[in-house]
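The primary structure of each chain is shown beneath.
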Amino acid sequence: MFGISLKDRAAVLPAGYSGDAAYWIDPKSGQWVTSTYYRNDLPKWAADFNSSNRAAKYWDRDWKDAQGNVLHSTAHRKGKDGSDAGFYEVIGATPFGNEYELEFAKELMVYENLGNGPVTDLLAISLSPNDILGHQGGPDAPEMQAMALALDRELTDFFNFLGHQIGLANVWIALTADHGISETPETAAKMRIRGTSVEGAKLNAEINDALTAKFSPGHPAAYVKLDYPMAWLNEEAFTARQVKESDAETAAGEAMKQAGLRDYYPKWRLAEGAVPNTPWGQKYLNSYSPEGGWWVMGVPEPYTIGQIHGADHTSPYTYDTHVPLAFYGLPFQSGTYRTHAEPVDLATTLSSLLGINAPTHAVGRVLTEALAAPKHSSIPTETGRQ
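Calculation notes
Residues numbered from 1 in each chain as written. Predicted model: local features only at pLDDT ≥ 70, side-chain atom pairs only at ≥ 80, totals over all residues. Heavy atoms only, no water. Helix = DSSP H or I, 4+ residues; strand = E, 2+ residues; numbered from the N terminus. Areas by Shrake-Rupley, 256 points an atom, 1.4 Å probe, with all protein chains shown as cover. Lys, Arg positive; Asp, Glu negative; His and termini not counted. Charge placed at Lys NZ, Arg CZ, Asp CG, Glu CD. Axes fitted to C-alpha atoms, helices over the stretch in contact; angles between N-to-C directions. Parallel < 35°, antiparallel > 145°, perpendicular 65-115°, else oblique. Contact = heavy atoms within 4.5 Å. Nonpolar A, V, L, I, M, F, W, Y, C, P; charged D, E, K, R; others polar. Salt bridge = Lys/Arg side-chain N within 4 Å of Asp/Glu carboxyl O. Buried < 20%, exposed > 50% of the residue type's maximum accessible area, 1.4 Å probe, protein only. Phe/Tyr/Trp six-rings, centres within 6.5 Å; stacked < 30°, edge-to-face > 60°. Lys NZ or Arg CZ within 6 Å of the ring centre and 35° of its normal.

*Asks:* Can you break down the overall build of the chain residue by residue, with the values?
*Replies:* The helix and strand inventory of the chain stands at 14 helices and 14 strands. Viewed in the frame of its principal axes, the chain has a C-alpha envelope of about 90 × 70 × 50 Å. Of the roughly 22000 Å² that the chain leaves accessible, carbon and sulfur atoms contribute 52%. Separation between the mean location of the 31 positive side-chain charges and that of the 46 negative ones in the chain comes to 3 Å.

See below:
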């Protein structure tokens, strides 16, 4: 089991605890790295990949659409902090980033001999550039359409490689995403839908002002730090006023609603499972973690963006949660299915087909409607015997 992505978290999380390795890039150089959790050094093939400077060919290029219009340049430039912008910042939002990932994936498959052993191998490739570009321009930007067309060509090339390397009859492919993304407020306005960009610093100040008025009038304190729409509570500030966690989180949530959020889910309530028995309540309950101190999950209004420019995905609405789920391989029945399905169904479906236990915390269902009928043996049986 291997995980690949430009991002560390997008490589590590799919590979998991039991993975053979997870690989991601150094944001500045674009060279591939891993973690000592998996191994102390890169394998020779990965070190050779880096030493051959494969990343260099993606610099100083123009990304053009089908009409020849330049959509993006990967020319060397300065970054937001004034230093030289790195590989991730310059190339990460272009199809060149996906091409680079798939190039590394091919190398991994060859040298790790994936698909040619006695057991099933699993390779998870998280294509980060689609996410990076989506944040910059939203889902309806012309660049996103061009990215989709470029990715279609890149996947075709990769699937052809799989066919030559191990034979597509020996491969199962699943395509999905971890989230959607909101329209930008400008795009929403064209559809006569109200959209808003939130200035995080201003909203953070409003929430802290409300909490100061409640707990320490005349003595301002930094009670929360907002990472829209999530609020992280300053435990020391609350305990200094002898406020317990449940009261602090509830007060912070009410202050968030007063500042314009639609609703909130405090950590203490999620820990007790005290949420409405609704699809929304279940989504937030599935997002609970005992880690991170005291916190509150805010629910934004529809098409409310937690940044001045670009788009994000921080809500339970359909535009943030509607993603594709597609399968290819001999066990699957060709067709389009309108039944309810979720990305979590992927793990249980593949586990069932492999005849192994589903992951311990799996909550998905086996997508039986998308499976081909089993092929029975045509060996004749004897009749007439007692």
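*Asks:* Residues and numbers for the packing of helix α5 (residues 128–137) against helix α6 (residues 142–165), please.
*Replies:* Packing of α5 against α6 brings their axes to within 10 Å, and their N-to-C directions diverge by 170°. The pairing of α5 with α6 is recorded here as roughly antiparallel in orientation. Counting all contacts with α5, which are made through P129, N130, L133 and G134, the residues of α6 involved are E143, M144, M147 and L151. In terms of residue class, the contact of α5 with α6 is built from five nonpolar, two polar and one charged.

*Asks:* Could you give an account of the pattern of salt bridges, naming the residues involved and the relevant values?
*Replies:* Under the counting rule described, the total for this entry stands at 10 salt bridges. Across the salt bridge formed by E103 and K57, the nearest N and O atoms sit 3.5 Å from each other. Of this pair, E103 sits in helix α4 (residues 95–111) while K57 sits in the loop between α2 (44–51) and β4 (62–64), and the two are 46 residues apart along the sequence. Looking at E103, the relative accessible area reads 14%, which means it is buried. On the basis of relative accessible area, K57 is assigned to the partly exposed category, the value being 44%.

*Asks:* An account of the packing of aromatic side chains is needed here, citing residue identities and associated values.
*Replies:* Under the defined criterion, the tally for this structure stands at 25 aromatic pairs. On the basis of an interplanar angle of 55° and a centroid distance of 6.5 Å, the ring pair of F158 and F159 is categorised as tilted. Among the residues examined, F158 registers a relative accessible area of 6% and is labelled buried. Overall, F159 belongs to the partly exposed group, its relative accessible area being 23%. Seen from their ring centres, F158 and F161 are 6.1 Å apart, and the 25° between their planes marks the pair as stacked. Residue F158 and its partner F161 are located together in helix α6, separated by three residues, close to a single helical turn. Grouping residues by exposure puts F158 and F161 together as buried. Members of the aromatic cluster, joined through ring pairs, are Y23, W32, W45, F49, Y58, W59, F87, F96, Y100 and F104. The ring of Y264 carries the charged tip of R269 above its face, separated from the ring centre by 5.8 Å.

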